Number of protein chains: 2
Amino acid sequence: MRLTVAQANDLAIAAMRAIGYAQDEAFATADHLVDAALRGVTFGSLPRILAIAERFEKTGDRRTGLKIVRETPVSALLDGGDHVGYFVARRATEIAIEKAKQSGMSMVGAFNTWYTGLFAYYMEMATREGLVAFAAGNGPAIVAPEGATEARLGTNPIAFGFPALDDPVIWDIGTCAIMHGELLLHQRLGEPLPEGVAIDIKGEPTRDPAAALAGAIKAWGGHKGSGLSIVVQLLGAMCGGPVISPGMSDMAYFVLVMDPELLIGDGTFPERAAELSASIRSARPEPGRPGVRMPFDRSAAERRRRMAEGEIDVPDIVHSGLMHLVDRGRL
Amino acid sequence: MRLTVAQANDLAIAAMRAIGYAQDEAFATADHLVDAALRGVTFGSLPRILAIAERFEKTGDRRTGLKIVRETPVSALLDGGDHVGYFVARRATEIAIEKAKQSGMSMVGAFNTWYTGLFAYYMEMATREGLVAFAAGNGPAIVAPEGATEARLGTNPIAFGFPALDDPVIWDIGTCAIMHGELLLHQRLGEPLPEGVAIDIKGEPTRDPAAALAGAIKAWGGHKGSGLSIVVQLLGAMCGGPVISPGMSDMAYFVLVMDPELLIGDGTFPERAAELSASIRSARPEPGRPGVRMPFDRSAAERRRRMAEGEIDVPDIVHSGLMHLVDRGRL
């Protein structure tokens, strides 16, 4: 069904509150998930609250306070206190931005968190302030390194964000051949996986989502991409917590924020980024293709379109699931 | 012919001095190029001095002093003064290391330089000090972004280095489907290029090195890899100079150094990195493959072997070319 942006946000907050989350966690999560919906990333939007509710029911409330364990003018280490990543990574990024404004650059690590969402969201928090950012996050072992048939790596997202004159340039990828959420979506829809993205428990290539879940997802991009996933995992290891998360907990988030003014110092970075983007967009397109798209262009365009419409689609089953959580919370 | 490591180093220094480079530039370049030879990267080793000599003859001596243009406790911007990158990037990395030791982290940008070499060299400077490092460098437009048939990007290397208990983990790649030096080597040897790495001037796929040089190299890794190359180009744009280098000059080098102690703070990062490496190496290998190799393993093993032998191979034609430079310098 279609909800206005405000309705979707209110519903997400109400559902999070109903299952036992505090106001600040509910707000951070709703804002992130509605933004994902606006950008067309359905599997990473409101359905996540149903998964959060399931996790909360399974593990009970193990939350402790989110706290800064160690701090310098350019850094902080956060114990996420088993809070959901939408809340922890947002706070980590806020702290990194505050520190980068003071010192020119900063890095913040968080451990003991889970479900960190779309890293573009955090990159945009920085680019809105005219800052450049870089983030990486590890996760439980569901991806096999290149050359292996056994999982050792998370889906390991990595992102960079740069302010530009209008839309920022945000590169946000998973270092895996297929995202875990996409794999689950294929399973739900009964569709086979694309070729070459997963192996079964014996290490043989498979297109069956269930077999892939028992086996492993492949790393993206051969040995170069597998190496990048190892980089992400090591940045996570720099944030404390286990070097490989045991499951949907104890994940790490690393964010680094830089003021481009420290280097160029003449206020022209957003213009320079726009100049480079324009040059790249002007490259002669491959026959039959629309030309070069800068990273984030599609997300930004989708969000503008939905904001103009004022509405997002929420699958009926997700809507009724969320309403059920809210109603149950009222009892 | 085979030279001892000391002979190769002396010859490289003598050749650099003979063509007009100062002692410090000659030392930095020789050290880098001999290290490349030890690690088996022949095209990036002593032959480079012949290319440097050609460049020096072509452009004349346009060098000005290497100088710090802007500086804070956590950053510096260097004007490379048209000095060769082996010298400029080494100095930039030294400054970044000094600052990271003082402040916990730092970033240094350099513009107005060229030929920066193997980024693993700079990463190792940091990992030897127990520091984590990240570097990126842009270059002239010889790579087409994904979806285009016209070059807009450099070969755009990117690297990360992490200290570990014994060998560091160093991920060092070019974000292009084939390195420029490898393409030139194929041309010299009269061998066709691999499939899918280049296009001709009309944008058609080609395996002919000459046609590829007139056309463009493809970005590595489809749209994800092409996006990473754009990230590198934007980091270069943060260092001043033109957003796309006009040719073999005005290139940028960006390096960021972090003390892992800022976050984990208990001195265990090298052990944690080794623990993760051991876990990755233990993953069941694909049938018929030797198992998972950590980034930098092969380089480190090659260097150990040659150091034990005490000698490196220098192609006869390169040796006689360098001797010629030295003899001419004596006249």
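Description of the structure in this document. Here the structure is a predicted model, which is why all the values come from computation and not from measurement.

Let us now look at the overall build of chain A. Along its length, chain A carries 11 helices and 12 strands. Principal axes of the C-alpha set define a box for chain A whose edges measure 55 × 45 × 45 Å. When the 331 residues of chain A are sorted by exposure, 60% land in the buried category. Nonlocal contacts in chain A, meaning residues at least 24 apart in sequence, comprise 67% of its contacts between residues at least 6 apart. Entry remark: accessible area of chain A is about 12700 Å², with carbon and sulfur atoms responsible for 52%. Side chains of chain A carry 33 positive and 40 negative charges; the gap between the two charge centres is 2 Å.

Here we come to the nonpolar core. Phe254 and Leu256 of chain A together with Phe254 and Leu256 of chain B are the most contacted members of the largest nonpolar core, which has 106 residues in total. In this structure Leu256 of chain A touches Met105, Ser106, Met107, Val132, Ala133 and Phe134 of chain A together with Met105, Leu256 and Met258 of chain B, once residues within four positions along its chain are discounted.

Okay, helix 8 (residues 222–237) of chain A next. The end-to-end C-alpha separation of helix 8 of chain A is 23 Å, in line with the 22 Å expected for 16 residues at 1.5 Å each. Across the 16 residues that make up helix 8 of chain A, a large majority, 14, are buried.

Residue and element names in this part refer to chain B. The first and last C-alpha atoms of helix 10 (residues 297–309) sit 19 Å apart over 13 residues, in line with the 18 Å expected at 1.5 Å per residue. Residues Asp297, Ser299, Ala300, Arg303 and Arg306 constitute the buried set of helix 10. Contacts made by the buried residues of helix 10 are with helix 2 (23–38), helix 5 (119–127), helix 9 (269–281) and strand 12 (311–313). Just past helix 10, the residue Gly310 takes up positive phi, approximately 80°.

Looking now at empty space enclosed by the protein. Tallying each qualifying case throughout the model produces three cavities of 30 Å³ or more. Estimates place the volume of the largest cavity at around 40 Å³. Together, Glu286 of chain A together with Ala144, Pro145, Glu146, Gly147, Ala148, Lys218 and Ala219 of chain B line the largest cavity. For the lining of the largest cavity, the residue count by class is four nonpolar, one polar and three charged.

Residues and elements named next belong to chain A. Strand 8 (residues 169–174) sits mainly inside the fold: five of its six residues count as buried. Examined bridge by bridge, strand 7 (residues 157–162) and strand 8 share six bridges and lie antiparallel to one another. Directly across from Ala159, in strand 8, lies its bridge partner Asp172. Linkage of strand 7 to strand 8, two consecutive antiparallel strands, is achieved through a turn of six residues.

Residue and element names in this part refer to chain A. If you trace the seven strands from one edge of the open sheet to the other, you get 2-3-4-11-5-7-8, paired in mixed fashion. The open sheet has two edge strands with one neighbour each: strand 2 (67–72) and strand 8. Averaged over all pairs of adjacent strands, the angle between strand axes in this sheet comes to 10°, irrespective of strand direction. Relative to strand 7, strand 5 (residues 132–137) runs antiparallel, the two sharing four bridges. Each bridged residue has a counterpart across the sheet, and for Phe134 the counterpart in strand 7 is Phe160. Its contacts with the sheet place helix 8 against strand 5, strand 7, strand 8 and strand 11 (251–258), and it is angled at close to 90° to strand 5.

Another aspect to go through is unusual backbone geometry. Residue and element names in this part refer to chain B. The phi dihedral of Asn112 is positive, around 60°, even though this residue is not glycine. Within the secondary structure, Asn112 is located in strand 4 (residues 105–114). Here Asn112 falls in the buried class, since its relative accessible area comes to 18%. Of note in this structure, Asn156 is not a glycine but carries a positive phi near 45°. Inspection of the secondary structure assignment puts Asn156 in the loop between strand 6 (143–144) and strand 7 (157–162).

All names here are of chain A. At a closest axis distance of 9 Å, the pairing of helix 3 (residues 47–59) and helix 11 (residues 316–330) adopts a crossing angle of 45°. Between helix 3 and helix 11, the crossing angle belongs to the class labelled oblique. The handedness of the crossing between helix 3 and helix 11 is left-handed. From helix 3, Pro47, Ile49, Leu50, Ala53 and Glu57 reach across to helix 11, where they touch Val318, Gly321, Leu322, Leu325 and Arg328.

So, about the sheet that holds strand 10 (residues 216–218) of chain A. Residues and elements named next belong to chain A. Spatially, the three strands line up as an open sheet ordered 6-10-9, and their pairing is mixed. This sheet does not close on itself; its edge strands, each paired only once, are strand 6 (143–144) and strand 9 (198–199). With two bridges connecting them, strand 6 and strand 10 associate as parallel partners. Residue Val143 lies in a different strand from strand 10, and its bridge partner there is Ile217.

Right, let's talk about the relation of the copies chain B and chain A for a bit. By a simple turn and slide, chain B fits onto chain A: the slide is 0.0 Å along the axis, the RMSD is 0.0 Å, and the turn is 180°. The two molecules are tied by a two-fold rotation axis, judged by turn and shift. For chain B, the smallest separation between a C-alpha atom and the rotation axis is recorded for Gly221 of chain B, amounting to 2.9 Å. Most of the interface of chain B is mirrored in chain A, where 99% of its interface residues are also at the interface.

About the thresholds
- Numbering of residues starts from 1 in each chain and follows the order in which that chain's sequence is written.
- A letter from A marks each chain and a number from 1 marks each ligand, given out in the order of writing.
- Whole-chain, interface and lining totals are the exception, using all residues; otherwise, since this is a predicted model, local features are given only for residues with pLDDT of at least 70 and side-chain atom pairs are given and counted only at 80 or more.
- For the side-chain quantities, the full set of heavy atoms in the structure was used; hydrogens and water were omitted.
- Starting at the N terminus, helices and strands are each numbered in turn, a helix being any DSSP run of H or I of at least four residues and a strand any DSSP run of E of at least two.
- Type-normalised accessible area, obtained with a 1.4 Å probe on protein chains alone, sets the label of each residue: buried when under 20%, exposed when over 50%, and partly exposed for intermediate values.
- Every residue pair with non-hydrogen atoms within 4.5 Å of one another is taken to be in contact.
- Working definition of accessibility: Shrake-Rupley area with a 1.4 Å probe, residue cover restricted to the visible protein chains.
- Charge convention: Lys and Arg are scored as positive, Asp and Glu as negative, and His as well as the terminal groups of each chain are ignored.
- For charged residues, the charge sits on one atom: NZ in Lys, CZ in Arg, CG in Asp, CD in Glu.
- The criterion is simple. A nonpolar core is a set of buried Ala, Val, Leu, Ile, Met, Phe, Trp, Tyr and Cys residues joined through side-chain atoms within 4.5 Å.
- In this analysis, the expected span of each helix is defined as 1.5 Å times one less than the number of residues it contains.
- Think of a 1 Å grid over the protein atoms and nothing else: a 1.4 Å probe that fits but is trapped marks a cavity, an open set flanked by protein within 12 Å on at least five of seven lines marks a pocket, and residues with an atom within 4 Å of a point count as lining.
- Grid points are joined across faces, edges and corners, and a volume is the space filled by probe spheres set on the points.
- We call Asp, Glu, Lys and Arg charged. Ala, Val, Leu, Ile, Met, Phe, Trp, Tyr, Cys and Pro are nonpolar, and the rest, Gly among them, are polar.
- Pairing between two strands requires that DSSP report at least two bridges joining them.
- A fitted line through C-alpha atoms represents every axis, and for helices the fit uses only the stretch in contact; the resulting angles, taken between N-to-C directions, go from 0 to 180 degrees.
- When an angle is under 35 degrees it counts as roughly parallel; over 145 it counts as roughly antiparallel; between 65 and 115 it counts as roughly perpendicular; any other value is oblique.
- In a left-handed crossing the near helix is turned counterclockwise from the far helix by less than a right angle, and in a right-handed crossing that turn is clockwise.
- In this comparison the copies share one frame, found by least squares on the C-alpha atoms of residues holding pLDDT of at least 70 in both.

Bear in mind that shape data such as this cannot, by itself, settle questions of function.
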